[in-house]
Amino acid sequence: MPALHDLGIAEAAAAIRMGDITAERLADALLARVAANTDLNAFITVEPDRVREAARQADRRRVSEGSAGPLDGVPLALKDNIDTAGLPTTAGTPGLADNRPKRDAVIVQKLLAAGAIVLGKCNLQELAYGVTNNNAAYGPARNPYAPDRIPGGSSGGTGVAVAARLVPGGIGSDTGGSVRVPAAFCGIVGLRPTTGRWSQTGIVPISHTRDTAGPMARSVADCVLLDGVVAGGPTQLTPARLEGMRIGVPRGHFWENLDTELAQIAEGTLAKLRAAGAVLVDGDVADVGALDNAAGFPIALYETVTDLNQYLAEHETGLDFAGLVAGVKSPPVKDILASLLGDMAVPEAAYQEALATHRPALQETYRRAFRDHAIEIIVFPTTPMPAALIGEEDTVLVNGTAVPTFFTYIRNTSPGSVAGIPGLSLPAGMTKSGLPVGIEIDGPAGSDQQVLAVGLALEAVLPKLPAPKL
């Protein structure tokens, strides 16, 4: 059997179920690894005694009552914007440091009912606003493949914890790419489900139109397992047949201005798909960038104020949006949120136009692309470049040219987020300097299981990344 920290979710659950290991032994091994790698700053809160007691309870329950479910005894990491009744939910910001929710988020309830154990709450970009996870309040999470580089955000701590083998899998949240960008940079798998498929109740919000939680793991099969537990579908899927499958390659927007080395890796993925018999169909998603720009930020920025105010009131925090923003420590996040208090606030008319006109147009252009090109999925690099150095908050260099950090990294992930369609990022390979890069597949709204089935098949032809050397 592999080392305990190398076990994936399904492997760990099977080993516990078969009696090869106990939940307590696995918890002890993972807690020791967390303690030995605190320099990665993956977690904000870990309470070892609580974890060990939950593991002992799982072991006792298994003897007296049998297994609680498909995740019985398996520790998972949760992004620290997901409510937990037993642990603080800080959203990575000082104003919520003492926020102790009275109940678990709905998705946490489902994970616990399946037997999972919460190992800890993971570092994130402050209030989930950004892609670097350079959190001025709790410190930056560090990429386990290169600790001077970002792990991606905003679910960066979860990505670090899973990639560094501190935990078999975890849950992040994704508004514009916050599950898939860390998955790409940390060399793991991340799924953004169709919006609304996973309950958003009990998660510190940005935008109820755009937000969703999603699974992060080291294999597609483990993402299938977590998705099945939370969404109520199958916990195992048969890999799709790549031979004869029509896969769209939207060269416009998604494949433009890529880092040279990343582009070579991505083209290699297309070659592997061709070799497996897939039919690659060039065909763009018309006007995708313009429609994303017209819809995405007016919706997110308008809803941030109203949705956060509602969360703060329901959780009896004693704060409103202005009071919360006053305590924000990370300059880029504070600048954006503070602007929403004054003249830069999104007008109601602009929000309604984005919601009623531009977003439906974006959703329709995706539907047309899938229909008119007769394709099942589209494929593209998750991000245009590998992970930047920590501290490159404003600009990064792509092939020697300075470009905006935030907008560059979400360029490919944002449109699908705003449209609400499912997207899966898989490890595609590594640069010569050892940085992982990701490839993403998106499908029509509601096609999550098909996207995951294609992901299982694609994973089988992609290289298996080595674990980071900690």
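Everything discussed here concerns the structure shown above.
Residues numbered from 1 in each chain as written. Predicted model: local features only at pLDDT ≥ 70, side-chain atom pairs only at ≥ 80, totals over all residues. Heavy atoms only, no water.

Draft legend 1. Spatial organisation of the packing of aromatic side chains. Applying the stated criterion to the full structure yields 6 aromatic pairs. Ring geometry for Phe 254 and Phe 380: centres 4.6 Å apart, planes at 35 degrees, overall tilted. Of this pair, Phe 254 sits in helix H8 (residues 251-254) while Phe 380 sits in strand S9 (residues 377-381), placing them 126 residues apart in sequence. A connected cluster of aromatic rings, assembled from ring pairs, spans Phe 297, Phe 406 and Phe 407. Taking NZ or CZ as reference, Arg 251 lies 4.7 Å from the ring centre of Trp 255, over its face. (Phe/Tyr/Trp six-rings, centres within 6.5 Å; stacked < 30°, edge-to-face > 60°. Helix = DSSP H or I, 4+ residues; strand = E, 2+ residues; numbered from the N terminus. Lys NZ or Arg CZ within 6 Å of the ring centre and 35° of its normal.)

Draft legend 2. Molecular detail of the sheet that holds strand S5 (residues 189-192). On the basis of which strands lie adjacent, the open sheet formed by 11 strands has the order S1-S3-S2-S4-S6-S5-S12-S13-S9-S7-S8 and mixed pairing. Two strands lie at the open edges of the sheet, namely strand S1 (43-45) and strand S8 (279-282), each paired on one side alone. Here the strands of the sheet are splayed against their neighbours by 30 degrees on average, with no regard to which way each runs. Where strand S2 (residues 75-79) meets strand S4 (residues 169-174), 2 bridges bridge the pair, whose relative direction is parallel. (Pairing = 2+ DSSP bridges. Axes fitted to C-alpha atoms, helices over the stretch in contact; angles between N-to-C directions.)

Draft legend 3. Structural context of the pattern of salt bridges. Using the criterion set out here, one finds 23 salt bridges in the structure. As a salt-bridge pair, Asp 49 and Arg 52 come within 4.0 Å of each other at their nearest N and O atoms. On the criterion of helical spacing, the pair formed by Asp 49 and Arg 52 is a turn pair, its members being 3 residues apart in helix H3 (residues 48-65). A relative accessible area of 63% means that Asp 49 is categorised as exposed. Note on Arg 52: relative accessible area 26%, which makes it partly exposed. Notably, a salt bridge pairs Glu 53 with Arg 60, separated by 3.0 Å at the nearest N-O pair. Classification of Glu 53 as partly exposed rests on a relative accessible area of 29%. Salt bridges here are not isolated pairs; linked through shared partners, they connect Glu 24, Glu 53, Arg 56 and Arg 60. (Salt bridge = Lys/Arg side-chain N within 4 Å of Asp/Glu carboxyl O. Buried < 20%, exposed > 50% of the residue type's maximum accessible area, 1.4 Å probe, protein only.)

Draft legend 4. Highlighting unusual backbone geometry. Residue Ser 154 is reached from Gly 153 by a cis peptide bond, and omega for that bond is 5 degrees. Examined against the element boundaries, Ser 154 turns out to sit in the loop between strand S3 (117-122) and helix H5 (156-163). Even without glycine at this site, Ala 91 takes up a positive phi of about 50 degrees. Considering the arrangement of structural elements, one finds Ala 91 in the loop between S2 and helix H4 (106-113). Backbone geometry places Glu 316, a non-glycine residue, at a positive phi of 50 degrees. Along the polypeptide, Glu 316 turns up in the loop between helix H10 (288-314) and helix H11 (321-326).

Draft legend 5. Geometry of empty space enclosed by the protein. Counting across every chain of the model gives 4 cavities of 30 Å³ or more. Roughly 190 Å³ of volume is contained in the largest cavity. Looking at the largest cavity, it is lined by 16 residues, and the ones nearest its centre are Thr 175, Gly 176, Ile 206, Arg 210 and Phe 406. Among the elements that line the lining of the largest cavity, the one with the most residues is H10, at 3 residues. Within the lining of the largest cavity, the residues separate by chemical class into 9 nonpolar, 6 polar and 1 charged. Estimated volume of the second largest cavity: approximately 60 Å³. Lining of the second largest cavity is provided by 15 residues; of these, Asn 81, Ser 173, Thr 175, Ile 206 and Asp 211 occupy positions nearest its centre. Of the residues in the lining of the second largest cavity, the class split is 5 nonpolar, 7 polar and 3 charged. (1 Å grid on protein atoms, 1.4 Å probe; cavity = no way out; pocket = protein on both sides within 12 Å on 5 of 7 lines; lining within 4 Å. Points joined across faces, edges and corners; volume = space filled by probe spheres on them. Nonpolar A, V, L, I, M, F, W, Y, C, P; charged D, E, K, R; others polar.)

Draft legend 6. Quick peek at helix H2 (residues 23-36). Here H2 contains 14 residues, and its C-alpha end-to-end distance of 20 Å stays within 8% of the 20 Å for a straight helix at 1.5 Å per residue. Along its buried surface, H2 packs onto helix H1 (9-17), S1, H3, S2 and S3. (Expected span 1.5 Å × (residues − 1). Contact = heavy atoms within 4.5 Å.)

Draft legend 7. Fine view of helix H9 (residues 260-275). Its 16 residues place the ends of H9 23 Å apart at the C-alpha level, agreeing with the 22 Å of an ideal helix rising 1.5 Å per residue. When we look at burial in H9, the residues that qualify are Leu 262, Ile 265, Ala 266, Gly 268, Thr 269, Leu 270 and Leu 273. Downstream of H9 by one or two residues, Gly 277 has phi in the positive range, about 100 degrees.

Draft legend 8. Representation of the side chain of Arg 33. Locating Arg 33 in the fold gives a position in helix H2. For the buried residue Arg 33, which engages in no salt bridge, the nearest side chain bearing the opposite charge is Asp 6, 5.9 Å off. With near-sequence residues (within four places) excluded, Arg 33 lies in contact with His 5, Ala 164, Arg 165, Leu 166 and Leu 470. (Lys, Arg positive; Asp, Glu negative; His and termini not counted.)

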